[in-house]
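# Close look at the chain arrangement
As a plain string of letters, each chain reads:
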Amino acid sequence: MIRPLLLSLLIASSLQAQILPGTQPLEPNPDFSATMVAGIDKMALRLIEQSKTGRKPTREKLKAILGAVDERLPITALELVGDTSSPALLAETDAARILRVRWPVFDGVHGEGILIQPKDKPVARVIYIPDADTDPEKLANDAMLAYSGCEIVIPAIVSRGSEFSTNDKFGVKTNVPHREWIYRQSYELGRHIIGYEVQKMLSLVDYFSTQPKLPLLVAGLGEGGLIALYSGAIDERISSVYVWGCFEPREGVWAEPIYRNVFNLLRDFGDAEVASLIGPRPLVVQNLGFPNVQGPPEAKPGERNIAAPGKVTKPSLEAVKAEGARAKALVPGDWLMLATEEHGLKEVVTHLLPADVAGQLVKRIEPIMPQKNEQRAKVDATRQKRMVRELEAFTQRLLVTTELERKKEFWDKLPLKSVADFEKHTASERDRFWNEVIGRLPDPNLPVNAKSRFVRETDKVRIYEVTMDVWEDVFAWGWLCLPKDLKPGEKRPVVVCQHGLEGIPEDTITTDETQKAYAPYKAFTLRLAEQGFITFAPHNPYRGKDAFRTLQRKLNPLGLTLYSVINGQHQRILEWLKAQPFTQPEKIAFYGLSYGGKSAMRTPAVLKDYCLSICSGDFNEWVRKCVSSDMPMSYIHTHEYEIWEWNMGRTFNYAEMAALIAPRPFMVERGHNDGVGIDEWVNYEYAKVRRLYNKLLIGDRTTIEHFDGPHTIHGVGTFEFLKQKLGWK
């Protein structure tokens, strides 16, 4: 019979064998990945709510986050658009002429729309912006406008249709709305569909500023209301603003269509803060006319169903009143009017315009019967394609100019005479990358509270599952492989092995390569452990399709990205690994495949405790892959709508990220048949890295291995690279 004391000692010994020293027992979880994503989601929503306090809105900040940064062309006149079959004059009344016009904005980019030109001297000027799915001709056909006595321009804006969201050369057709099509190309380059269209409105303001001075009202409906709101906030030459169907608490922007995703918006702006930049100029908010957007267009036969989810919903009147009250608290006074069904046109016009002008307008604006159908202005069926292609061509040209910008702002400033000078200089660049591009959260602030459990073993390796706390609701999780020949007190190098999209740590350890999910990894976490390395396979939360992609949507308006969280998790992982009795803390390497290769660029670039990095199946001319409409594998043609990182094209491509890893060893593993890239472009970008290391006289610390194979771990040159650079035989 076993005595109670002996029994308790045996139980304690058995339990101890099931966990790692210094950790608490870990309860199994059927899906740690889903739990992790849910916790990050809680944190993101909490941060969004907290963002309401401490905002400091300025016009310069607003222009920067909207990408309204390009110099506009000078404008002295509006061009008439017409030919012998479609004359510029669309209609004429006793009071006004209705003309089709355009105006220059940037090189190759025009604004287009309808001009209503009164025959008498105008009493005011109006820019009247329709919703994205409303043609200007529809508003021009409202006879009340022609009798108003105002000079009115009704601009066209990019629609939510998807007919032209396609690559004509390769025949890649998608259901992506035109607005998202331009968003996908411009976001990586620090531009935005909203910024482009604000610039078109401000070009009209430039034109009106060359004419005799009159009150200038900018009004908009739905998407046009959003553009009117931002335009009025940015440009004080606009006298007043009138918006329908767009003013609301903006903390739910993550659920709206992705073409409203503005990086850093909520740090300094809700709609109240945007409106405060209009005050004390008059602003009328009409809580009507919200567009009915229940998601992207349905994919037609032959189209890729890749558009991002997103809806427009009408807010409650109470929510709109609360947002208006916040605006008035920022700029006291009676400048903001919330119009409801009870307010008549006279009250609205009287609030928006000087009394003498308002009096004239109220007398002139009289509802009359619409024109006969044959007299109504016909829609320009060619205009939408022209507008989409102009913005696309302009954005594609930015691929060249942003590369030159990176050269001037990054490469030309690097001191290359000594590694010490180089490291001192790149410390600030590393901070810029982390703070401004990736987005930096505070360092982990909870105790580590490491927990572990024994999972299984092979003849050479014991495998443990480990979790660590990071922030409230957020934890790190991974699988640790310990070689069985590890002696007590012995310390060894560590390789952190990162999985790809929709993966989990176990995928990098499982040896059953007949399963599609496991095959690309070739169990590299286990194989390296069998060669004597300590390996750790962490989980990065890019799993769960829309569940994790929505995290990016929630983080972006806060000036954050998914890697803001991931890098914090890796801070905690490094902290824990360095403290273990079996690790060499100065020899912790990073090796990732696919999305894990994406991590191999963004995480070691900011976390110097990773002593080297290997990027497998991902290294690219990244900006081109994210932006180009000519590359078939470009992300603008895929379902991965979370992939773009604001303004990266103007700041850090992959070569620049590799420069932040330098002078630490860096390697690229590239399969010739890997469809994530093209050898020529991969080599083009890597050549910059090779040149940098050579100039620093450390050329032996970087290499690229090409192999005949697909999107997979090759594990030949990379394994040797790890052995050599980590000093392991």
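Up top is the structure these notes are about.
Described in the following lines is the structure provided in the data block. Predicted model, so just to flag it, every value in this text is computed and none were measured.

What follows covers unusual backbone geometry. Each neighbour pair has its own omega, and for Gly279 with Pro280 the value is 5°, a cis peptide bond. Looking along the chain, the bond that leaves Ala662 and enters Pro663 is cis, with omega of 10°. With respect to the helices, strands and loops of the structure, Pro663 is situated in the loop between α21 (654-661) and β21 (666-671). We note that Lys545 has phi near 55°; this positive angle belongs to a residue other than glycine. Tracing the chain through its elements places Lys545 in the loop between β18 (534-538) and α17 (546-555). With a phi angle near 65°, Leu697 is a residue other than glycine that sits in the positive phi range.

The next point concerns the pairing of β21. The buried fraction of β21 is high, at six of six residues. Burial along β21 is two-sided: the residues Phe666, Val668 and Arg670 and Met667, Glu669 and Gly671 are all buried.

On to the pattern of salt bridges, then. All told, the structure shown has 58 salt bridges when counted by the stated rule. Among the salt bridges present, the one from Arg191 reaches Asp70, with a minimum N-O distance of 2.6 Å. Of this pair, Arg191 sits in the loop between α6 (178-186) and α7 (193-208) while Asp70 sits in the loop between α3 (59-66) and β2 (79-80), placing them 121 residues apart in sequence. Judged by its relative accessible area of 6%, Arg191 is buried. Asp70 sits in the buried class, given a relative accessible area of 16%.

Turning our attention to the packing of aromatic side chains. For the structure shown, the criterion picks out 25 aromatic pairs. A ring pair is formed by Phe106 and Phe394, whose centres lie 4.9 Å apart and whose planes are at 20°; its orientation type is stacked. One end of the pair, Phe106, is in strand β4 (residues 96-106); the other, Phe394, is in helix α14 (residues 383-409), and 288 residues separate them in sequence. On the basis of relative accessibility, which here comes to 4%, the residue Phe106 falls in the buried class. Using a relative accessible area of 9% as the deciding quantity, one classes Phe394 as buried. Taken together, a centroid distance of 5.3 Å and an interplanar angle of 80° make the contact between Trp681 and Tyr684 edge-to-face. In this pair, Trp681 and Tyr684 both sit in helix α22 (residues 679-695), three residues apart, roughly one turn of the helix. Here Trp681 falls in the partly exposed class, since its relative accessible area comes to 27%. Judged by its relative accessible area of 35%, Tyr684 is partly exposed. By way of ring pairs, the aromatic residues Phe619, Trp622, Tyr635, Tyr654, Phe666 and Tyr686 are connected into one cluster. We note Lys554 situated over the ring of Trp254; from NZ or CZ to the ring centre the distance is 4.1 Å.

By the definition in use, this model includes four cavities of 30 Å³ or more. What the largest cavity holds in volume is close to 40 Å³. Together, Tyr183, Tyr187, Ile258, Asn261, Gln552, Arg553, Asn556, Tyr641, Glu642, Ile643 and Trp644 line the largest cavity. Tallied by class, residues from the lining of the largest cavity come to six nonpolar, three polar and two charged.

Spatial ordering of the open sheet is given by β1-β14-β15-β16-β18-β17-β19-β20-β21-β22, a layout of 10 strands whose pairing is mixed. Each end of this open sheet is capped by a strand with a single partner; those strands are β1 (24-25) and β22 (702-707). Where strand β15 (residues 461-471) meets strand β16 (residues 474-483), 10 bridges bridge the pair, whose relative direction is antiparallel. Directly across from Arg462, in β16, lies its bridge partner Leu482. Helix-sheet contacts for helix α2 (residues 32-50) involve β15 and β16, and the interaxial angle to β16 is about 145°. The strands touched by helix α18 (residues 562-578) within the sheet are β15, β16, β17 (492-498), β18 and β19 (583-593), with β15 carrying the most contacts at an inclination of about 125°.

Residue position: Glu642 is located in the loop between α20 (622-627) and α21. Residue Glu642 is classed as buried on the basis of its relative accessible area, which comes to 3%. Within the local environment of Glu642, its side chain forms a polar contact with the side chain of Arg549, the two groups lying 2.5 Å apart. Not counting chain neighbours up to four residues away, the residues in contact with Glu642 comprise Phe548, Arg549, Gln552 and Tyr595.

What counts, and where the lines are drawn
- Residues numbered from 1 in each chain as written.
- Predicted model: local features only at pLDDT ≥ 70, side-chain atom pairs only at ≥ 80, totals over all residues.
- Heavy atoms only, no water.
- Helix = DSSP H or I, 4+ residues; strand = E, 2+ residues; numbered from the N terminus.
- Buried < 20%, exposed > 50% of the residue type's maximum accessible area, 1.4 Å probe, protein only.
- Salt bridge = Lys/Arg side-chain N within 4 Å of Asp/Glu carboxyl O.
- Phe/Tyr/Trp six-rings, centres within 6.5 Å; stacked < 30°, edge-to-face > 60°.
- Lys NZ or Arg CZ within 6 Å of the ring centre and 35° of its normal.
- 1 Å grid on protein atoms, 1.4 Å probe; cavity = no way out; pocket = protein on both sides within 12 Å on 5 of 7 lines; lining within 4 Å.
- Points joined across faces, edges and corners; volume = space filled by probe spheres on them.
- Nonpolar A, V, L, I, M, F, W, Y, C, P; charged D, E, K, R; others polar.
- Pairing = 2+ DSSP bridges.
- Contact = heavy atoms within 4.5 Å.
- Axes fitted to C-alpha atoms, helices over the stretch in contact; angles between N-to-C directions.
- Polar contact = N/O pair within 3.5 Å; in protein donor to acceptor, adjacent residues only side chain to side chain.

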